[in-house]
Structures are given as C-alpha cells and as structure tokens.
Amino acid sequence: MMKRVIDDMNNRVVRLTRYDFDTIAQASKRLNDGDLKLSQRERAAAAIVNGRMDLLEHADVRRALVSMGRSWAHATIEMIFDHWEREMQLPGDHPQCPVGDQRIFSRR
C-alpha cells in the first residue's frame, strides 16, 4: 500500500510506503513500552508521535524532522493523525486504540 502526500511547498510528490508507517508505528509502540533501543531516526519519529519532545536530540523539532528525511517526516505527521483518529473512534480498551503516550487527549 502506498499513500501519496503532495508537498505543495516544493511541488513534489512524496511517496509514503506501508513500510514507513509500520516502522514508525512499531517504534512508537516500543517507545511507549519503555524500549529506548531505537535507531536515531526511529527514536525521533517515535518521540514526535508520542509527544515526548524531551527525548529529541535537539529542542527544535524541525531539526529532527529534517534529519529523518522528507518521507519519514511526512509519515511521522500522518501517524499522529492516525493515532488521533483511532483514539477518537475506538473505546480505550480496544486493541487498536493508541495507549499511553501515543494518545493525544486521554493518556491512560
């Protein structure tokens, strides 16, 4: 599965693969479970998705997004929206509902 996100600023098309989403989702889950043994790129993406800015190497989130590359930066933001949508639609005990730091409004 591939999603297309238009990068209007540069008139480019960024292709996001299922691999991007799956890897970021797994990193987000691992970070939520307390696993800090992630690559630098996984850790930055998971920290942003989970709202753990304290785990970023630099205080400026833009540096983390640029260093992970265009497609991963887009996929990271898309993952935040995916978590938010599932948090709003699913009951808290549903296995597909985000948990802990993955949640935006109701961290439990």
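Residues numbered from 1 in each chain as written. Predicted model: local features only at pLDDT ≥ 70, side-chain atom pairs only at ≥ 80, totals over all residues. Heavy atoms only, no water.

K.L.:
It is not clear to me how the nonpolar core should be interpreted in this structure. Could you clarify?
P.N.:
Among soluble globular proteins, nonpolar side chains are generally buried collectively. Counting 21 residues, the largest nonpolar core has Ile24, Leu31, Leu56 and Met68 as its most contacted members. Those elements that place two or more of their residues in this core are strand E2 (12-17), helix H1 (18-32), helix H2 (40-49), helix H3 (61-68) and helix H4 (70-89). Take this core: its biggest share by element is six residues, from H2. (Core = buried A, V, L, I, M, F, W, Y, C linked by side-chain atoms within 4.5 Å. Buried < 20%, exposed > 50% of the residue type's maximum accessible area, 1.4 Å probe, protein only. Helix = DSSP H or I, 4+ residues; strand = E, 2+ residues; numbered from the N terminus.)

K.L.:
Even after reading the chapter, I still don't get a nonpolar patch on the surface, so can you show me in this structure?
P.N.:
A contiguous nonpolar patch, built from Ile77, Phe81, Trp84, Met88, Ile104 and Phe105 and spanning about 590 Å² of accessible area, is present on the exposed surface. Counting through the fold element by element, Phe105 comes out in the segment after H4. By relative accessible area, which is 59% here, Phe105 ends up exposed. (Patch = residues over 30% accessible without salt bridge, like charges linked within 9 Å, V, L, I, M, F, W, Y side chains within 5 Å. Areas by Shrake-Rupley, 256 points an atom, 1.4 Å probe, with all protein chains shown as cover. Salt bridge = Lys/Arg side-chain N within 4 Å of Asp/Glu carboxyl O.)

K.L.:
How should I be thinking about the packing of H2 against H4 in this particular structure?
P.N.:
When two helices pack together, their arrangement is given by the angle between the helix axes and the distance between those axes. One way to put it is that H2 packs onto H4 with a least axis distance of 9 Å and a crossing angle of 35°. Judged by the twist between their axes, the crossing of H2 over H4 is right-handed. Residues Arg41, Glu42, Ala45, Ile48 and Val49 of H2 touch H4, and the partners they reach there are Trp72, Thr76, Met79, Ile80 and His83. (Axes fitted to C-alpha atoms, helices over the stretch in contact; angles between N-to-C directions. Left-handed = near helix turned anticlockwise from the far one by under 90°. Contact = heavy atoms within 4.5 Å.)

K.L.:
How should I be thinking about the environment of Ala47 in this particular structure?
P.N.:
Looking at where Ala47 falls in the secondary structure, it is placed in helix H2. Judged by its relative accessible area of 0%, Ala47 falls in the buried class. Placed 19 residues apart in sequence, Ala47 and Ser28 show a C-alpha to C-alpha distance of 7.3 Å. With residues up to four places along the chain from it excluded, the contact list for Ala47 reads Leu31, Arg52, Met53, Leu55 and Leu56.

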